[in-house]
2 protein chains.
Amino acid sequence: MANAAILVIGNEILSGRTQDANVAFLGKELAARGVTLSEVRIVRDDQAAIVAALDALRSSHTYVFTSGGIGPTHDDITSAAVAKAFGVALERDPEAVRRLQNRYGEGELNAARLKMAEIPAGAELVDNPISQAPGFRLGNVFVMAGIPAILRAMFEGIRHTLAEGPPQVSRSVTLTVREGDLAEGLGRIQDRHPEVDVGSYPSFTDGRSLVTIVARGTDPGRLDSVMSETRALAAELGAAVAEG
Amino acid sequence: MANAAILVIGNEILSGRTQDANVAFLGKELAARGVTLSEVRIVRDDQAAIVAALDALRSSHTYVFTSGGIGPTHDDITSAAVAKAFGVALERDPEAVRRLQNRYGEGELNAARLKMAEIPAGAELVDNPISQAPGFRLGNVFVMAGIPAILRAMFEGIRHTLAEGPPQVSRSVTLTVREGDLAEGLGRIQDRHPEVDVGSYPSFTDGRSLVTIVARGTDPGRLDSVMSETRALAAELGAAVAEG
C-alpha cells in the first residue's frame, strides 16, 4: 500500500502562533484515497532543516507533501531548499511567469512576486486556482502552499495522480465507561482482528468518563464486527452507548 | 540557547480524526521559557517508528517532549518504546502504583490500569494532578499524556526544571496590503535586524488582502524597531493598519 509523509515548514507553527490545519485535512484525504499517512514533520524556515527532513522522508515514503514557504517574502525558502535537496537548479519557469502575468498587472509583477515563478529544474507545476502562484511536483515530492484554502485547492488538482488503494474507512462508538474497565476486553477484540486498527480515546465531559472506540481499516464488514463486539463488551460492563 | 523537539504519538492525529492541540500549547510555553522549539514529529502507534524518531530527536535537542500513548489500552505503547530506545527495562514503579491505588478502589486496579505504572528503569515520575497516572522523565525525554488538559497539567509540574533563557517575545501588525507589494521592503527590514525573526503571513478576509507581520526575538527594543519600520514601509505604500 502506498504511504505518505507531510513536511510542514514554518516558524509560525512551531511558535504556537498558528494552529496547523493541513495535517488533519491531508490525513483524511489520503485515507480516503487508500494512502497511509505514516509520518509528519514540522521544521523551521531553515534550509538545512528542510533539506534534511526532505531527504529522510522522500527516501522512505511513496509520497511527500510539503506545506508552506512558497510565497514572495524573504522567509519563503521552500523552493530553494527542495532544489538543493534534489541537487538541481532553481530556474524561472515560463509557464509560472505566464500564470503570474495573468494575475498581476505589468507594474505589479515585481522581483518578489517573480520569486514565486522560480521552480526547481525538472519539476511539474501544481495548479493554484485561487492565487495562481503554482506549487510543483518533483519526483515523489509535492510542494504546496501553507494557506489551508490554497493547499486544499492544490490537492484537488493532484489527487487523481496518486496511487489508489482500498479506501481506509472507520466506525466509531462512544461509551459511558472508563477506559481502564474496557481495556482488557478491547485488547482481545484487537487480537481477534489484527488487520483492523482499533483505537481507544478517553474523554471527560461534565464530570463523566467517556471512551470513543475507533475501528479503522479497509474491510467494512470487519469494522462492523469490531463495533458489534465492542458494543457487546460494553453491555457486559453495564456501559451505555453515548454516541454512535 | 536550549532547544526542544516534540514527538506526537498517535494514529488518531495522522488519520485526521483528532486535531492536535499540544504542539501550539508547548510552542508558546517553551518560547516564554526561552527554549526554542526546533522540530515536531508525529508518528503512528508503532514501536519501531517511535524508537527511531526518539533516537533522532533526543541526540539533537536539549529536550524532547512526547505526547500520547501512556494510557491503559493495547494501543498505548509509548512507555515500552521509550524503554527500548534507552535500552532499559520496563518495571512496575511502586510510587506509580501507590498513586493509582489512591485513585482506584481495590477491585478497580486491574492489569490494564497497572500497565500505567510500568515505567522505564531510572526514570523520574512526572505528576498528573488530574487522573494520577504519571508521566515520566528519562534523560532529556519527558513523556506526557496526549489529552491536552493532562499534558498541560503535567507541563506545569516540569516547567521549573527546564533551562531558562531570555523569553522569546513577539510583536505583530496586520496591514491592508498585498504581501508581494510589501516583500522587497520587508526583506530589507529583516536584513537590518538579523537577530529578529521577521515572518509574513498573508490572509484574505471579505475579499480584502491582508498581511500580518510578526517580529519575534528576545530584545523587545529591537522588535519595536522592526514594527515601526514596518509601519513606515506600509505608510509609504499607502497601506493602512488593520490591527495591531
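Because the structure is predicted, anything quoted here is derived from the model rather than measured.

Participant: Hey, could you run me through helix α7 (residues 148-158) of chain A in this one?
Facilitator: Since the α-helix turns once every 3.6 residues, residues separated by three or four places project in the same direction. Where α7 of chain A is concerned, the buried positions are I150, L151, A153, M154, F155 and I158 of chain A. For α7 of chain A, the secondary structure elements touched by its buried residues are α2 (22-33), β3 (63-67), β6 (124-126), β7 (135-138) and β8 (141-144) of chain A.

Participant: How do you make sense of the interface of chain B and chain A when you look at a structure like this?
Facilitator: Put simply, an interface is often sized by how much accessible area is lost when its parts join up. Every contact between the two is made by 53 residues of chain B and, on the other side, 53 residues of chain A. Here chain B meets chain A over a buried area of about 4600 Å², counting both sides, of which 53% is carbon and sulfur. Considering only the surface of chain B that becomes buried against chain A, R17, H74 and Y201 of chain B emerge as the three largest contributors, covering 13% of it. Across the chain B-chain A interface, the total number found is 6 salt bridges. Salt-bridge contacts for E108 of chain B lead to R178 of chain A; the nearest nitrogen and oxygen are separated by 2.6 Å. Inspection of the region where chain B meets chain A yields 24 residue pairs in polar contact (both at pLDDT 80 or more).

Participant: Where do I start with the relation of the copies chain B and chain A in this structure?
Facilitator: The two chain copies are connected by a rotation around an axis plus a translation along it. With an RMSD of 0.0 Å, the operation that places chain B on chain A is a rotation of 180° combined with a shift of 0.0 Å along the axis. What we have between these two chains is a two-fold relation. No C-alpha of chain B approaches the rotation axis more nearly than that of R41 of chain B, which lies at 2.2 Å. Mapped onto chain A, 100% of the interface residues of chain B again fall at the interface, so both copies present the same surface.

Participant: Honestly, the nonpolar core in this entry has me stumped. Any pointers?
Facilitator: Soluble globular proteins tend to pack their nonpolar side chains together in the buried interior. F65 of chain A together with F65 of chain B are the most contacted members of the largest nonpolar core, which has 111 residues in total. When residues no more than four places from it in sequence are discounted, the contact partners of F65 of chain A are A4, A5, I6, L7, L26, L30, F142, M144, F155, I158 and L162 of chain A.

Participant: Could you clarify how one ought to interpret the UniProt feature "domain: MoaB/Mog" (unreviewed entry) in chain A in this entry?
Facilitator: Per the UniProt record, the feature "domain: MoaB/Mog" (unreviewed entry) sits at residues 5-165 of chain A. Secondary structure within residues 5-165 of chain A divides into 39% helix and 22% strand; the distance between the first and last C-alpha atoms comes to 16 Å.

Participant: Any chance you could explain the side chain of E179 of chain A here in plain terms?
Facilitator: The topology assignment puts E179 of chain A in helix α8 (residues 179-192). We note that E179 of chain A is buried and unpaired, the nearest opposite charge coming from R113 of chain B at a distance of 8.3 Å. Only 2.7 Å separates the side chain of E179 of chain A from the side chain of S200 of chain A, close enough to count as a polar contact. A distance of 3.5 Å separates the side chain of E179 of chain A from the side chain of T73 of chain B, its partner in a polar contact. Sequence-distant contacts of E179 of chain A, that is, excluding residues within four places in its chain, are made with S200, Y201, P202 and V211 of chain A together with P72, T73 and D76 of chain B.

Conventions used here
Residues numbered from 1 in each chain as written. Chains lettered and ligands numbered in written order. Predicted model: local features only at pLDDT ≥ 70, side-chain atom pairs only at ≥ 80, totals over all residues. Heavy atoms only, no water. Buried < 20%, exposed > 50% of the residue type's maximum accessible area, 1.4 Å probe, protein only. Helix = DSSP H or I, 4+ residues; strand = E, 2+ residues; numbered from the N terminus. Contact = heavy atoms within 4.5 Å. Buried area = accessible area lost by both parts, 1.4 Å probe. Salt bridge = Lys/Arg side-chain N within 4 Å of Asp/Glu carboxyl O. Polar contact = N/O pair within 3.5 Å; in protein donor to acceptor, adjacent residues only side chain to side chain. Least-squares fit on C-alpha atoms with pLDDT ≥ 70 in both. Core = buried A, V, L, I, M, F, W, Y, C linked by side-chain atoms within 4.5 Å. UniProt positions renumbered as here; feature names shortened; annotations may be inferred. Lys, Arg positive; Asp, Glu negative; His and termini not counted.

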